[in-house]
Structure formats: structure tokens, C-alpha cells
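Each chain, written out:
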Amino acid sequence: MNELLKPVYLEEKLEEIRADGHQDYRSRSLPTWCPGCGYFSMAEGFTLALKKLGRSAEEVVVVSGIGCASRFPFFVNTYGFHTLHGRTLPVATGVKQANDALTVVAVGGDGDAFAIGGGHIPHAARRNVDITYLVFDNGIYGLTKGQTSPTSVLGFRTSTSPYENGDEPLNPLMMLLAYRASWVGQAYAGHPHHLADMIAEAIAHRGFSYLHILSPCVTFDKTTRTYRNLNMQVRDLPSGYDRTDLAAAMGEAMKVDHPALGVFYEESRPTLADVMDETARKAGLSPVPAGGE
Amino acid sequence: MTESLHYVVIGSGSAGHGAATTIRARDPGARITMITMSRLPFYNRYDLPKMFKGVTDWRDLLAEDPKIYDELGITLRRNSRVVDIDGRARTIALAHNEVIAYDKLLVCTGGGPNVPAILEDYRPLMHGFGTFEQASATVAALPPGGQVVILGGDMIGLDIAFNLLEAGYRVSLAVGEQTFWPHRVEPDERAVLLKSLAKTGLDLIEDRSVVAIEAADRPARRVHFDDGSMVETDIVMPFFGILPIVDFMLGAGIDMERGVLVDPALKSSNDAIWAAGDVCQIWSDVDRDYRFYHGWKNVRVMGELAARNMTGAEETFDTADESVIEVDGNGCIRSTFWEH
Amino acid sequence: MNGTDVQFAICGSAGDGTIAAGDILKRTMALMGYKVIAFDIYPAEIRGFGKCISRVRVTTEQAYSLKHQSDVLMSLNDAHAIPHVGEVRDFGAVIYDNAPIARLPEGGHVSAHIRPMQLPYGVSFRSISDRATGNARGRNIVALGYLAGLYGMPAEAFHQTIANKFATKPQAVTDANVRAFEAGYEAAIGTFKLDDVVMGSPLHRADGARAVMMTGNGAVVRGLMDAGIDCYFGYPITPATTIMERLAVEMPRRGGRMLQTEDEISAIAATIGAGYAGARSATATSGPGLALMAEMLGLGVMAEVPSVVIVSQRGGPSTGMPTKTEQSDLNMAVFGGAGDARRIVLAPTNVEGCYRCAGLAFELAEKFQTPVIVLLDLYLSNRYETVIPPKENPFEPKQATGPQGPVFRRFELTESGVSPRAVPGQAGGVHTITGLEHNELGRPSDQPDNHVAMSAKRYRKLEPATRYPGLTTIKRFGAAGKVDIGILGWGSTFGEILEAMFEAENEGISCSAMKVVMLSPLPVDELEAFFADCRVVLVPELNHEGQLATLVSGTLGRPVVRLPRATGAPMRVDEILAEVRRLAAETAAAAE
């Protein structure tokens, strides 16, 4: 059955989860998202990914900010920290610094990530903190009922841009590539199985992994980022695509009218924890510098 | 409104101090700066012998409460050595590279000890008494009841010798030409005076000249004389009169001989420069020559006189020689140099 | 004060080695067994020739503050030192270079400004250094040697400090500095000492071996380290930066992790993130940074996450006066942020207190599951005091955490208000915390009864903190019982308050002083008792409006007399004393 045409009901979804045997990763709180919201596929994809990776619930910490997507920690049965608007990555960095053994997943929407939280992304990326950042981009502020976001397209009418949005939208993938995220991928809420695989791969990556997830807001966006439009726009990365080629990744990321799904870029380099260990090693070798006591 | 004049007084002894306070009294709006090598506010050098009697704190020797400098608006520049005077530009340069402009300058730097050439090499082995610091070092070097050899004499040295005797020290005096300096003494007078001196308890060393001083263990000095004799002592103090301190003025472009040559109004050959005290030689119409007028009374008179003339008066110094030394009916020496 | 009490001031421009000379002096004095309190003032500018002053007060018994007057001023740069000649007391000494290179106009040399009762000492630091070491760079050490020689301090102790200071440099550096020191020392031997400054023998010679010179910030670092800090996150800001700089050196050596974040918001966010994950984590900042952290501190209160925030205040508001001291962030520390967000705020009054408060802050944060702010100011952060480090580590290790019972209620409404806590990684403890109001399970809830109960819990749980063992939260000094004048103070100013109080006592004024270390929650019972004992309570503090005065007066509903001063400089003892005298006279008049 075409996923786009299939209505998504809560009971049915929960039944499916139970049948799949990954309900352990779901909490007793029912999601508060609107029926049909692309974010349901996030919860689904996340739990499937954890099951696939065999992570136990108590080793996992989900950190979120504020927004529809950031309600996520309440709906999964792992450790969770629903923090402040825009502060997901610094809190997640703190959690990871405290305990390397934890699997730390940061979750947020486009406003949380690129408006109020935009200043933190480059630093988490360049430090290569070994966490996964899932950004659900629906191009609108949903929780506050439909205002323009930094990824709203030009010409979009919202309650705060009643005469059409005139601000150029950000290109998150180009930003993350420029920030030297060591893993950059894109998925689509309308392709939940691919999304689940991408979440699993992002979590498995050692270093800072950024997964951009295109998602419709069925309530406040009836015109631009709809399932119908996205279904027609998304495409696969070209065959023979080299995910270690940063320039090629930039080229693909620029094609915003036809977003590609898949892993844009991947590299292996020392994580923040590696740097910390190396610092400790160097400190142990150097004489105690005087002063400061 | 005319700009206030800047009076600079070099020297903070009796002459300088008297001059500065006189200038202030006569010109309330003037700026007054006193420059001195001394590190202390004004104290009386003539009081230094008190140190043999247990006065060790300089604060007990101060001639004036140091508050008066603030009260009178006199800037006291201590620990400052003048190295040059530019009489045309009216500036003086200090050793620490500071330049001060003046409108009227009074030089009262006084004199330093005159040490004969033969003793020059032994300066480190001799003790002075010209400043509080020197006097302190001298007192510190003297054990109780210790021995002092005074070379030369001079009226300052004799005063110190009497104080030493009073304080229970033993004093030998190697007499010479300057024993009664600055008094000019005829040979017959001299014999009488020496006899009187001998009665005071001073051990007189006569007809011998010092040729060398040697450091020793205890006592700390040996004084060798030209006849081969030697005297052991704790300290040696030279008193051969004083020489005016004028070396810093050589570039000032004013007339000098041994001291600064001034007219009876105490003005030098430069209209903006006066001199007073032991540093100046005053023209005496009687003697048709420039003469020194030593002694604390002269010095104080000169300082105040110069200050009055700098502030508009036209007075002259009384150059009649009142210098008298004699032995009185009790066999004691009386001198106009002393006033005690 | 009986025995030795000498304050040295060394003044020069950046690059003259002023602070270095002061540093060697104070460390040597501590090594000899004297008690030392010292404060350096640096220029606000990074480059150029801004003024530096190092003031070092050396005493037989530990002093509480610097003196208003110094006994000895040493000038390494006359243009900077000239305005400070006036701070030298009568019969004190001014030491300076008597052979400057540049030609000076009248009054350009420091000797021009020495008052008649002060004693001048001119030395050619430059040429002595040149002769001893081949260049003039060592003139600060020559000057130090001169100072040491003049006051008969033992040269060997200085040699040891110089060697320690340059331990990481080639031996030649130590040798050159020792030669410079010796040359200066030698010059002083030939100098006639005219001032009446006397260095007596230290009483605590045995302490010298153990005593260390520490700044408030240095003591904070020691406290954090001894309490086992796991994670630190910070962003550079004067005057807190030195904490991060030292932790950057020390933490990696002990398995801790220091991370410089992109801003203060990130710093506190990561601190709380690490606290949530079970680490002892801390950050340090100043007023502007604390303003940025306010929202996250609210989250810490709401989500009940332990965290420690060191705040060193400076002149405000806004960027204010970054290199000047002020106590104007009390309101923000105690109340800042959204909602009813009580947290613990500690304000140590001296360097030793900085050590205890920093270490105990971790214990308090864990025990009461809350952010703990330790409030210093620039004057306390940067001033040095002699500290005898404790023989045993006084801090408790981390508390055990873990779920209790079959259903883990992270925010269980207990009698004490403190709930069981689990950290990520612990089986059976899985839960989500949030900045939303929540129920006992941590699920979002905006039910009225729940909000009332949870707010009460968050306040109730902190009450026992005022009686936390091992922590002085409030303390009275001087006369017990009824007095005319009570002086209430906090933070760095309390040193000046004590000095003023003892002086007033000597003058026969009936008075006593009380310091408030825990500003939130306030130790109300002790404050009530103090107010009941005092006819008048005076509150001197370094801000414009009297923030402690408002806090205490408002909390107790009692009047106070304010003495707020915000000049950027530490409080003056004589100013407090004048106010105490005035109040004492008023009180006496009223009694008649």
C-alpha cells in the first residue's frame, strides 16, 4: 500500500510496534502529535534502530529542546532530558562528556536547531562529539501554531508572514557539511523504513552524525512541504556517489528543489572523547606548570 | 593677573630653610621649590653631636615640624642632586634626569669636608659627621668609652671633640693648620689656644703629620704618622675646614672662584641667581676681595637676606669681620663660631 | 595588630614585571611563615603600558583585608606610581629608580611627589640589573632584592621562591634572576634605612613549609579538584577565566574533562547535562555570563539536576567594568531567572572560604539536587591569602544514586522534598526530566494541585541546607549578646568589615559583626537573633542599591542602615568605621 495514502492511526501504530517486539523502547505516554504528523515515523524509526543496534534502553539518553519534535523523549522508554529551546546540543555534549558509554541522541525541529539553537551546531560538529543529531525539518513552528521558521520556503504564508515569507531559507545540509560534521545524511518521514535504517547508521557512526529528516506539518502547512509535494521531489543519491567526497556532497546539498535521500558525507576522525583522552595523555607527560594555586 | 614666580632654592640647611620661609612670607603667591640631596626634612646639623648622648632617631633632630612645608606651600625635593644649571635658559637638571625651570634661583648648598690630598685614599677608613647618616654610622662604629682620633681640628671638629669627651669617649686631636678654622689665628694666639685645649682632656698630637690609615681588627684603625709613630683607635674623623659644593654649577655661566662670587646683596653675576651660606664668597669693600663668612649665624643671616633681595629688597650683608676666638678668664675657649 | 604588619605596594606598567615581583615577595613571605594577604591590579588593556599594582600585606596573624595605607611603595614606573605616593603612611618608604633613561619634565619623577614625612630611596635598578645580568630586564628583581635587603629579609628564602617560579624555564633564567636579586640586596646593604618600617620575626615559621599563597579563584580550583570534579565547561570572562585556565592544566592529569564551550549558555547547558548524567560538573562565569545562564539555571531547578556555578562579580550592569570589583549580582544569583526558582547561593568571605564553598557546593548540589551558585567578586577572586591546606580531603565523595522500588518516581513527593535519583546507565531508573512542570514520574503536568505540591517540594528540600555540616552558613564575630551596632556583611567586603569592627571595639563602641555566607536560602533564625541583639544594623556592600540590605530587610521585615559603595574598588575600612562612629553617636544620643 502506498505509504502516502495510508492513514496512520495511533492504535494501529502501537499494534505494529508490539508486533515488531520493540515496544520496550516506547514509553506509556502517547505522542501528542497531530494525526498524520511526519514525526510518528521518527519514533518508529528510532525504536527500530535501537532494536537493530541492540542498545539497551538504560544506555540511551535522548536529549531534546522545545518544539513538536522535542516532545520525543516522553514517547520513548529511554533516559531522556527535555531541555530548553535551542540548547539540545550543549546538554547532549555534557551528558556524553560525563559518560562515554552512553548512546546520546539529540532530537529537535528546524526552529529549535537553526533559529535559536543555530550557534551551537558548528561547535558540536567541529568537536566531533560522538552523538547523533536528528533534526525533523517541517519548515514551520508547529507547537506555537504555525509561524515562519528558518527553513520556511520563500513565499510561504504563515501567521507571522501573512504577506508571504521573504527570507531566504537556510540550507541545513550545506551548513553541516561546512561545519565538518563527520556524518551527514538525509531521510524523509514518508519513507519510514529508510528513515529507520538511516537513524541506525547515524547512531552507529563514531563521531557527530547529523540526520536531516524532511517531514510535513499536516496541520499548518497545506501548501509547500506536503507528503504529496515531497513524494514527488525526493530522489536517491546518484549511483556511484562517493560519500567521502565533500565537494560532491556540497553539490548534492545545493539541489534543494530535488532533495536526495541517503548518506551525503562520512569521514572518520577523532571524537571529542578521543581528544580528551589525548589531552590527558599529554598532561600526564608534561611537568606540572607552576602557579595558579 | 601676573603669573606667579617660581623660586628654586638648592639646599635645605639653615640658609635654604630660612630663605624659603622668608620668600613665602614676602611673596604669598610664589611657587617655591627646595632641592636637597638630603633624604630627611630639615634638621640641624649643629645638633648632630646629640647623637653621642643617645639620640638615634632622626625625628628627634628635626629643626621644624615637617608639616610646615605643606602649610607654607613649599615643595621639598629630597634625595635629589643637581647636576647642571643653565643660567641663560633658567633651568636646572637633576641627576635623575628631571629638568626644572626657575625664575629666581638661590644656591645654598653649603660645604663638604675638606680632605687633604694625602688622605684622599683613606676616605673609606674615616668617619664623617656632616649628615645624619654619617653621624649614625660614626656612633654605631664607636664602642662605649672608645677611642677617636680627630685629624686637623677645625671649629666643627672641636665641637664634636668636646661632645665626645663629655659622652665619655677618649679623643686624640692631631693638630695642624686648620685646627681653629675658620678663625685666622696668629702663632702666639695659637699656643695659648692649644694649651687651653690640652686642659679639656683632649690628647693632643702635635708636630706630626698623618701619612697613612690602616684597617685593623680591634681597635679597628691604626693611624700612622710621618715620624713613624702609630696610634690605635676605633674611628678616625677628618676635620680640615669645609669646601663649598659648587661642582654642579660649572656650566652655569656665572663667576666663581672657590665658591660662588656674589656682591654684598648676595647676587651672583647672573641676575636670576643668588647664593648664601658656606657656598658663597662675598665681596668685601674693606678687604677689596671676595671672602667666605662661615658659622651658623652668618649662614642664617645670609639665607634670609638673599630671600629678601630676591623678593625686591636691596640690602647688603655686613662684611665686617666679627670672627673672634680667644681664651677667657676661666681658661676656656670662646668663639663667635659657636653659640653655646 | 601586634607583631609585624607591613604592607608593600609595587607599582609599574605592564611589562615591568610588577606582578612577578609582587608574586615572589608574597610567596616568600608565606614560605617564611608570615600571613599574607595580597591583591594585584592589572590594566584593562591587553597591550600597551597600563598600570599594574601589587599590594602585599605581611602580618604575624592573618589579616582580614588590605590596609588603606601602604608602608612601602616601590615604583617601577613613575608615571603610574605618582598617584599612589599618597597611600604611603608617614615615616614609610618610597623606593624608586633614580636613573631613568628618558628626560623628565618637572614633576615627572616620583621623587617630586614624596611628602616630607615619607622617606625616599633612590636606586638605579636599571644599571644594577645591567651590571649583574647583562641587561635591564631584571630590574624588577633588583628592586625586589633591594626591598629584601633594606628590611633584612633572608635572601635564601627569596632564592627558593625564584627557583620555584622559574622551575619550568632553563636554569640560566633562575641564575640570572638570583644574580639580579643579589645585586639589589647588596645595594640595600649600603643604604641607610631611615623609615620606621620593621619586619619582625614570623610567629608561624613551621607553617611556612605547608602554607601556600592562594587567590580566591585558585582556592576555588583546589576545592573543585579536591571534591573530585569530573567535568568543567566554561567560556572566558574576566575575572573568572583563571579558574578555567588552571582547571585546563589540572583536570586532564586526574582524569577530569575541561571543555571550553562556545558561550555561557552552552557552558551551563553542558554542566547540567553532565550533572544529569551523574558527573560532578561545574562552570564559572561573571555577571554577564550569569545573565545568559539564567534560563538554564531555571531548568536545573525545575528538573532538579545538580550543578555548580562559580560567579565572580565585576562592575555592572551590562559589560560594566570588567577589571573592577563589585558585589552587584546578588539579586541575580538569588532570584535571577523565570518563576519561583530557589537555588542555593554561597558567598565565601575569604580565600579559605572559597575552597570550602567550592568543594561543598558539589555535596550540596547532589544532596539537594539543585544548582548551587558560589558568588565571589573580583577582589576575592584575585586576592592572595596564605592558606594552610587541610591534611585530609574534607569533602565527601559522590552520593550513590539508583532507583528505589518497583516504580521509579524520580520526583516523588517525600517529606524532605528530596526524591530518589537515578542517572543514565542505571537499570530500572529510566526516566525523562523536563523543564515543564511535571508529576512525580516526571511526566508533564499543569494540574493546579501538582504545581502547588511540586513548588513546595522544591523550596522545602533546601531548608536544611542552612545547617549543612561542615559549612559555615552564617557567623557572628566580636561581642556576643546585646550591642549598639551590628555590622552585617557578605563576600569579600567582610574582611574590611571585621577590621572596622575591631577598630570600633578598640574605640569603645559596642558592636559586633555577622557574615552571611548562605544567601539562599537565608539562615533566618540566626539573622533574627542578630537583629534582636543590635540596636542598629549597618550593611556595607559594594553595590549601588544595597542588595543584601534589601534581601535581609525584606525577608525579616526589619530596618537596616545601608552603606552601599560602588566605586570599582574594595570597601574602605575608614568609611565603614566613620559610619559606625556616626551610628554609635546617634544611638548614644537617642539613649539619653
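Calculation criteria
- Residues numbered from 1 in each chain as written.
- Chains lettered and ligands numbered in written order.
- Predicted model: local features only at pLDDT ≥ 70, side-chain atom pairs only at ≥ 80, totals over all residues.
- Heavy atoms only, no water.
- Pairing = 2+ DSSP bridges.
- Helix = DSSP H or I, 4+ residues; strand = E, 2+ residues; numbered from the N terminus.
- Axes fitted to C-alpha atoms, helices over the stretch in contact; angles between N-to-C directions.
- Contact = heavy atoms within 4.5 Å.
- Buried area = accessible area lost by both parts, 1.4 Å probe.
- Salt bridge = Lys/Arg side-chain N within 4 Å of Asp/Glu carboxyl O.
- Polar contact = N/O pair within 3.5 Å; in protein donor to acceptor, adjacent residues only side chain to side chain.
- Nonpolar A, V, L, I, M, F, W, Y, C, P; charged D, E, K, R; others polar.
- Buried < 20%, exposed > 50% of the residue type's maximum accessible area, 1.4 Å probe, protein only.

What to know about the sheet that holds strand β15 (residues 235–239) of chain B
Residues and elements named next belong to chain B.
Inference 1: Taken together, 4 strands build an open sheet; the order of strands is β11-β10-β9-β15 and the sheet is parallel. The open sheet has two edge strands with one neighbour each: β11 (203–205) and β15. Within this sheet the neighbouring strands show an average axis-to-axis angle of 25°, counted without direction.
Inference 2: Pairing of strand β10 (residues 170–175) with β11, which is carried by 3 bridges, proceeds in the parallel orientation. Looking at β11, one finds that S172 is bridged to D203.

Quick look at the sheet that holds strand β1 (residues 6–10) of chain B
Residues and elements named next belong to chain B.
Inference 1: Taking strand neighbours across the sheet as the criterion, the 5 strands line up as β3-β2-β1-β7-β18 in an open arrangement whose pairing is parallel. Each of the sheet's edge strands pairs with one partner strand only, and the pair in question is β3 (74–77) and β18 (273–275). Put simply, the sheet's adjacent strands are angled 20° from each other on average, direction ignored.
Inference 2: The sheet contact formed by β1 and strand β2 (residues 31–35) spans 5 bridges and is parallel. If you follow V8 over to β2, its bridge partner there is T33.
Inference 3: Along the sheet face, helix α1 (residues 14–26) touches β1, β2, β3 and β7 (104–107) and points at about 175° away from the line of β2.

Describing the interface of chain A and chain C
A common measure of how large an interface is: the accessible area buried when the components associate.
Inference 1: Contacts between the two partners involve 46 residues from chain A and, on the opposite side, 52 residues from chain C.
Inference 2: Carbon and sulfur atoms supply 63% of the area buried between chain A and chain C, which totals about 3900 Å² over both sides.
Inference 3: Where chain A touches chain C, the interface holds 3 salt bridges.
Inference 4: For E262 of chain C, the salt bridge is made with R127 of chain A, and the minimal N-O distance between the two is 3.0 Å.

Brief notes about the interface of chain C and chain B
Inference 1: Facing 28 residues of chain C, the contacting portion of chain B comprises 29 residues.
Inference 2: Taken together, the two surfaces of chain C and chain B that pack against each other cover about 2200 Å², and 49% of this comes from carbon and sulfur.
Inference 3: At the junction of chain C and chain B, the tally comes to 3 salt bridges.
Inference 4: E106 of chain C is paired through a salt bridge with R31 of chain B; the nearest N and O atoms lie 3.1 Å apart.
Inference 5: At the boundary of chain C with chain B, the tally comes to 19 residue pairs in polar contact (both at pLDDT 80 or more).
Inference 6: Secondary structure elements with two or more residues in the side of chain C that touches chain B: β5 (88–97) and β6 (119–123) of chain C.
Inference 7: A class-by-class count of the residues in the side of chain C that touches chain B yields 16 nonpolar, 8 polar and 4 charged.

Quick notes on the pattern of salt bridges
Inference 1: Per the stated rule, a full pass over the model turns up 62 salt bridges over all chains.
Inference 2: We note a salt bridge from R458 of chain C to E437 of chain C, for which the minimum N-O separation is 3.0 Å. Pair noted here: R458 of chain C is in helix α15 (residues 448–460) and E437 of chain C is in the loop between β15 (432–434) and α15, with a separation of 21 residues, a long-range link. The pair formed by R458 of chain C and E437 of chain C is uniform in burial state, with each residue classed as buried.
Inference 3: Look at the salt bridges and you will find they share partners, linking D57 and R59 of chain B together with D5, R57, K67, D71, R89, D196 and E499 of chain C into a network.

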